[in-house]
Amino acid sequence: MTLTKTTLGALAASTILAGAAAAQTELSLWYHGAGNEVESNILNTVIDDFNAAQSDWTVAVESFPQQSYNDSVVASALAGNLPCILDVDGPVMPNWAWAGYLQPLPISQEAIDGHLDSTIGRWDGEIYSVGLWDAAVALYTRASTMDALGLRTPTLEEPWTREEFMAALDAAKASGNYDYALDLGTAWTGEWYPYAYSPFLQSFGGDIVDRSTYDTAEGALNGDAAIEFGEWWQSLFVDGYAPGTSQDPADRDTGFIEGKYAFSWNGNWAAATTLDGVDDVVFLPAPDFGNGPIIGAGSWQFGVSSACEHPEGAAAFVEHALQDKYLAAFSDGIGLIPATKDAAQMTEKYADGGPLAVFFGLSEEQSLVRPVSPGYVVAAKVFEKALSDIANGADVADTLDAAVDEINDDIETNQGYGH
Amino acid sequence: MSSKLTRSNRAGWVFALPGFSLLFLFIIVPFFFAFWLSLTNQRLVSPNPTEFIGLKNYQDLLSISVITLEPERTEAGEVVRDADGEIEYPRVRTITRSDEFPQYRGMQEWFRWQSGDTAKVVVASDVVFMKALVNTLTFALFIVPLQGGGALLLALLINQKLRGINAYRTIYFMPVVISIVVISLLWRFIYSGDEGLLNNILSALTFGAFSPVDWLGNTDTALGSIIAMSAWQAMGFHMVIWLAGLQSISPTLYEAASIEGASKWQTFRYVTWPGLRNTAVLVLIVITMQSFAVFAQVDVMTNGGPLDSTQTLVFQTVERGYGKQDISGGATISVILFLMVLLISAVQAFLTRERT
């Protein structure tokens, strides 16, 4: 009898416990940061705090390496295995929304009030994703280099013109102290090419696609401005200012710190390491090639998949993650721009007077998101190949024509991509 | 249907069923599916319904045309020449992007040659595919003698009865065991233009007379570098096949040859080589078929290479089908690849058939 009573008691207790646990719905979250310890730790803190702060939802995270993240999501969408919350790269979001992987994120307006525009992912009039940070690109150099070469320091209000920029590269090349004057990061194939180099094209007056209609790239990618950009781009390699497409990835990571390069065009996620390795690094704004100085915008954002039955849970998680303290933590950890000014004040680098504070202003004023279109996924690959080929000596006009043809064919095959 | 195979082997069939069904599901079905996909406009990711478009994919891939360009002439009718003395021609884009010639819309120049004063330009609607085709054929053409011949040489070397010969056999076979991706990564560093091992060795051997070459970044050397590396990697595998063939030659023939006073070369030519006929046919066919599937090396080392010099068919299939989400385009390339390999294998089988 005693045994039965104990067993019954234990059964009852475990059922109650299980019942309590079952009341918390599990939401799966996929993140692209596998291998990045700092990022993973901060994210785990956010998740643990969220799970502890309320009893409706439990978030469980699965991390993927960044290189294979997009492919994994596409494969799982085809298999019908999408998680509830997922991480999506800003410019890829329209493609996933159009394809039906994402559903609109039911997030409240107060939660995103005051956030940088480029951190809100909108498609077809709906908000699909919100990001905790934005990324920017700047020209890294040393204050000592600027002095030694006798160059004017450009500011946000008065950036370098094209002539000043080329004169700076000439001076660096002539000094003979560097392997190459400019490190563009051609070793980083993939999304870096459109993210970092299409702002140059836009500053010349061209663009990847025509943003008024999004149904053609003719005139934008192969017009006069674009051809001028292409010829300038080719000259950087032909005239020996920058290492070519076979740059060693190791050189990209440490070349500037070791002094191989005078200038380096790099994202602010590399700022932390560079600040450690170089005493007098300065971050200069992008040059103005005629159409205003422009840098890229739009980074990883959280969205809810169409397979999720609890979008309100996902929205609750995202609102929780958008608190200023977490924005500041991510910013301190990975060096990217926090989404709000208040969070910026809480960080080491982006607070007023901090070494990277200028980027907050840059991001607000000069950033331009990549084309907001489902067709971006293909356009990005075509653009990357075109720039690679031009860097390797291909004919500029023909290469840009071929790129335009491919992008236009793709848009036509997809019946306009829902624009 | 009640042959000996099926009648007394029911248990065998039951055991084989899981394997067969997996093979069927993952190889046979996609095989036929690819034919179907190539006739549609199926995308990997798309809310648009799939449409049947017939042979349009093949047309887009395989259309080529020849344009004749007249040289630029001055008012007086003289041919205009540029600073190097070369004849100046109008740019191809004035023809392919003009409304007068709608049939050339969307085509790009593949290559050109000069006949007299006029230039003949071959334009293709998919130049990257054409380059991939040529590169793949070139790869196959060079790797068969290199890998097959090299493997034969190694097999002859280790067919001797020396002490420790098994150690050499293991050493030569080791590259085969290592994943091709790992080998590609390693060789990427070896071929590196700045401080790569190959450049350093050649420089040391020539006492500094050799200037470093960017092996993978140069359009002339990129494909050759990949060919050399691929041949080295798989040589061990075919060495073992050749070895099996060598050891099946009766030693009495060798004794007879040495009694007759044959030289090493004569022994090889009249005793060894005829005995290796069947092995040679096998090695030839296997290497040819494997060489058409070259993908991992390109994906890891050069991504299609400087100016498409290392583009290959399978790489384009993956890039198109998965990267650019055009799965029907990728399927079209794979169907063309299949037909090509079938044709070449049939020709090889015909040329090497037993003539009795």
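Just so you know, the residues in each chain are numbered from 1, in the order the chain's sequence is written. By the order in which they are written, chains take letters starting at A while ligands take numbers starting at 1. Reporting of local features is limited, given that this is a predicted model, to residues whose pLDDT is at least 70; pairs of side-chain atoms are given and counted only at 80 or more, and all residues count toward the totals for whole chains, interfaces and linings.

Participant: I would appreciate a short explanation of the overall build of chain A in the present structure.
Facilitator: Secondary structure assignment for chain A yields 16 helices and 15 strands. Atoms counted for the radius of gyration: C-alpha only. Globule rule: 2.2 Å times residue count to the power 0.38. The C-alpha atoms of chain A give 24 Å as radius of gyration, which agrees with the globular expectation for 419 residues (22 Å, within 12%). With the principal axes as the frame, chain A shows a C-alpha extent of 95 × 50 × 35 Å. Three exposure classes are used, all based on how many other C-beta atoms lie within 10 Å of a residue's own C-beta (placed from the backbone): buried at 20 or more, exposed at 12 or fewer, and partly exposed between those limits. Out of the 419 residues in chain A, the part that is buried amounts to 52%. Secondary structure elements are taken from DSSP: a helix is a run of H or I of four residues or more, a strand is a run of E of two residues or more, and numbering for both begins at the N terminus.

Participant: Just to check I follow, could you spell out the sheet that holds strand 11 (residues 281-284) of chain A for this structure?
Facilitator: Residue and element names in this part refer to chain A. Strand pairing requires that DSSP identify at least two bridges connecting the strands. With mixed pairing, the four strands of this open sheet are ordered in space as 9-10-8-11. Among the strands making up the open sheet, the edge pair consists of strand 9 (180-183) and strand 11. Strand after strand, the sheet turns through a mean of 20° between neighbouring axes, direction not considered. Pairing geometry for strand 9 and strand 10 (residues 261-267), over three bridges, is parallel. Across the sheet, Leu182 pairs through a bridge with Phe263, a residue of strand 10. For every element, the axis is a line fit to its C-alpha atoms; helices are fit only across the contacting stretch, and the angle between N-to-C directions ranges from 0 to 180 degrees.

Participant: Where do I start with the domain arrangement of chain A in this structure?
Facilitator: When the parts of a complex come together, some accessible area is lost, and that lost area is often taken as the interface size. Residues and elements named next belong to chain A. Each assigned domain of chain A is listed with its residue range as follows: domain 1 (25-135 + 298-369) and domain 2 (137-295 + 375-418). For the domains described, the bounds stem from an automatic or database domain assignment. Measuring from the centre of the C-alpha atoms in domain 1 to the corresponding centre in domain 2 gives 27 Å. With 20 residues of domain 1 at the interface, the matching set in domain 2 holds 20 residues. Elements with a contribution of two residues or more to the side of domain 1 that touches domain 2: helix 4 (93-99), helix 14 (357-366) and strand 15 (367-369). In terms of residue count, the dominant contributor to the side of domain 1 that touches domain 2 is helix 14 (five residues). As a working rule, the residues Ala, Val, Leu, Ile, Met, Phe, Trp, Tyr, Cys and Pro are called nonpolar, Asp, Glu, Lys and Arg charged, and the rest polar, with Gly in that last group. In terms of residue class, the side of domain 1 that touches domain 2 is built from 14 nonpolar, five polar and one charged. By the convention adopted here, residues make contact when the C-beta atoms placed from their backbones lie within 7 Å.

Participant: Hey, could you run me through the packing of helix 2 (residues 10-38) of chain B against helix 15 (residues 327-351) of chain B in this one?
Facilitator: Pairs of packed helices are described in terms of their axes, by the angle between the two and the distance that separates them. All names here are of chain B. Interhelical geometry of helix 2 versus helix 15 gives an angle of 120° and a closest axis separation of 8 Å. Compared by their axis directions, helix 2 and helix 15 come out oblique. In the crossing of helix 2 with helix 15, the sense of the turn from one axis to the other is left-handed. Residues Ala34, Phe35, Leu37 and Ser38 of helix 2 form the contact with helix 15, whose participating residues are Ile327, Ser328, Ala331, Thr332, Ser334 and Val335. Of the residues belonging to the contact of helix 2 with helix 15, the class tally is six nonpolar, four polar and no charged. By the definition adopted for this analysis, an angle is roughly parallel if under 35 degrees, roughly antiparallel if over 145, roughly perpendicular if from 65 to 115, and oblique otherwise. Less than a right angle of anticlockwise turn of the near helix away from the far helix marks a crossing as left-handed, whereas a clockwise turn marks it as right-handed.

Participant: Explain the confidence of the model for chain A here, please?
Facilitator: The predicted coordinates should not be examined in detail at positions where pLDDT is low. The predictor's confidence in any single residue is recorded as pLDDT, a number from 0 to 100. Overall, the predicted model of chain A reaches an average pLDDT of 89, with 95% of residues at or above 70. The element-level mean pLDDT for chain A is lowest in helix 1 (residues 2-23) of chain A, coming to 58, with helix 8 (residues 224-238) of chain A highest at 96.

Participant: Please clarify how helix 8 of chain A should be interpreted in this entry.
Facilitator: Note that an α-helix has 3.6 residues per turn; residues three or four places apart therefore point the same way. Residues and elements named next belong to chain A. Here the expected length of a helix is defined as 1.5 Å per residue gap, with one fewer gap than residues. With 15 residues, helix 8 should reach 21 Å at 1.5 Å per residue; the first-to-last C-alpha distance of 21 Å fits that figure. Regarding helix 8, the residues found buried are Ala225, Ala226, Phe229, Gly230, Trp233, Gln234 and Leu236. Downstream of helix 8 by a residue or two, Gly240 has a phi angle that is positive, lying close to 80°.

Participant: Help me out: how do you make sense of the environment of Ser331 of chain A in this one?
Facilitator: Looking at the element boundaries, Ser331 of chain A is found in helix 12 (residues 324-334). Ser331 of chain A gets classed as buried once you count the C-beta atoms within 10 Å, which come to 25.

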